[in-house]
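# Coordinate inspection notes
Chain by chain, the residues:
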Number of protein chains: 2
Amino acid sequence: MARLPATRDVFAAIADPTRRSLLDRLRAGEQPVKQLAAPFEMSAPAISQHLSVLCEVGLVTQRRVGRQRFYRLNPEPLQQVADWVADYEHFWSDKLASLGDYLEEES
Amino acid sequence: MARLPATRDVFAAIADPTRRSLLDRLRAGEQPVKQLAAPFEMSAPAISQHLSVLCEVGLVTQRRVGRQRFYRLNPEPLQQVADWVADYEHFWSDKLASLGDYLEEES
DNA sequence: AGTATAGTTAAGCAAATACTTAATTATCAA
DNA sequence: TTGATAATTAAGTATTTGCTTAACTATACT
């Protein structure tokens, strides 16, 4: 037997470093694929496939202009990630706080 | 040809739903594997392998007590994720703000 | 000593992933 | 209409992943 179908969710989408870079670049604003893909040493189809994953989970939207395809960032789905991580934030801030106490006692 | 070695980082570690659940459960405190694994319908080795991934990226630590292995949450590496997502937060809050403006104008 | 318990390591497998090159679609330009 | 450009879809491949069962290690119980 093997694992379950592994529905592609936001967490899976941002697990890939290339896809995170693409999102990072899109923060500069809507861009056509050519421009977006410029810094990557990867074939155009590879980029196209990554963009379609991002599209599927709603992290980007598409707009056609002539023969170009403009991609735009849609960060809302990242809220899911932010929400999940937020539940852990007090754990490390508590740790930092106790480290602070420790340093204070030492000084 | 194929892809590059794909070093396992925090983003990859939290991409798997089972591993996220394990972390969620560990928020209740340090636990032996048996207790931690109880709700999962998965073999013990599968859980063990997930825990070792979490260990590799530093999200959990281990402590041996008799024949038990206690795992403890170490949330610090999640800061990386929090930091990355934080850069996107103003994007969606801007969007919400403009939605707010829109709703205000409508009323 | 013998056996049960907690957990990992080993080996193997099917599906998913991240690429590749080749072919295709669609638009623009001469 | 011919050709170049922008991008995708198709098909194929190597690697990784998430599981499984079987075997192993180590501690505890009787």
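Check the entry above for the structure.
Residues numbered from 1 in each chain as written. Chains lettered and ligands numbered in written order. Predicted model: local features only at pLDDT ≥ 70, side-chain atom pairs only at ≥ 80, totals over all residues. Heavy atoms only, no water.

## With respect to the interface of chain A and chain B
Between chain A and chain B, the residue contacts involve 25 residues of the former and 25 residues of the latter. In this assembly, chain A packs against chain B so that about 2,600 Å² is buried in total across both faces, 68% of it on carbon and sulfur atoms. On the chain A side of the contact with chain B, A:W84, A:Y88 and A:W92 bury the most area, a combined 25% of that side's loss. At the surface where chain A touches chain B, the tally comes to 4 salt bridges. In this structure, A:D9 engages B:R20 in a salt bridge whose closest nitrogen and oxygen atoms are separated by 3.4 Å. Counting the contacts that link chain A with chain B gives 8 residue pairs in polar contact (both at pLDDT 80 or more). Those elements that place two or more of their residues in the side of chain A that touches chain B are helix 1 (10-13), helix 2 (17-26) and helix 5 (78-106) of chain A. (Contact = heavy atoms within 4.5 Å. Buried area = accessible area lost by both parts, 1.4 Å probe. Salt bridge = Lys/Arg side-chain N within 4 Å of Asp/Glu carboxyl O. Polar contact = N/O pair within 3.5 Å; in protein donor to acceptor, adjacent residues only side chain to side chain. Helix = DSSP H or I, 4+ residues; strand = E, 2+ residues; numbered from the N terminus.)

## Considerations on the relation of the copies chain A and chain B
Superposing chain A onto chain B takes a rotation of 180° plus a shift of 0.0 Å along the axis, which leaves an RMSD of 0.0 Å. The transformation just described matches what one would write down for a two-fold rotation axis. (Least-squares fit on C-alpha atoms with pLDDT ≥ 70 in both.)

## Quick look at the pattern of salt bridges
Counted under the stated rule, the structure contains 8 salt bridges over all chains. The closest approach of N and O atoms between B:D87 and A:R27, which form a salt bridge, is 3.8 Å. One end of the pair, B:D87, is in helix 5 (residues 78-106); the other, A:R27, is in the loop between helix 2 and strand 1 (31-32), on a second chain. Judged by its relative accessible area of 36%, B:D87 is partly exposed. One continuous salt-bridge network, built from bridges that share partners, spans A:E30, A:R63 and A:R72. (Buried < 20%, exposed > 50% of the residue type's maximum accessible area, 1.4 Å probe, protein only.)

## Regarding the packing of aromatic side chains
Residue and element names in this part refer to chain A. Considering all chains together, one arrives at 4 aromatic pairs over all chains under this definition. A ring pair is formed by W84 and Y88, whose centres lie 4.8 Å apart and whose planes are at 55°; its orientation type is tilted. Placement of the pair is W84 and Y88 together in helix 5, with a separation of 4 residues, close to one helical turn. Across this residue pair, the class does not change: W84 and Y88 are buried. (Phe/Tyr/Trp six-rings, centres within 6.5 Å; stacked < 30°, edge-to-face > 60°.)

Keep in mind these numbers describe shape, not what the thing actually does.
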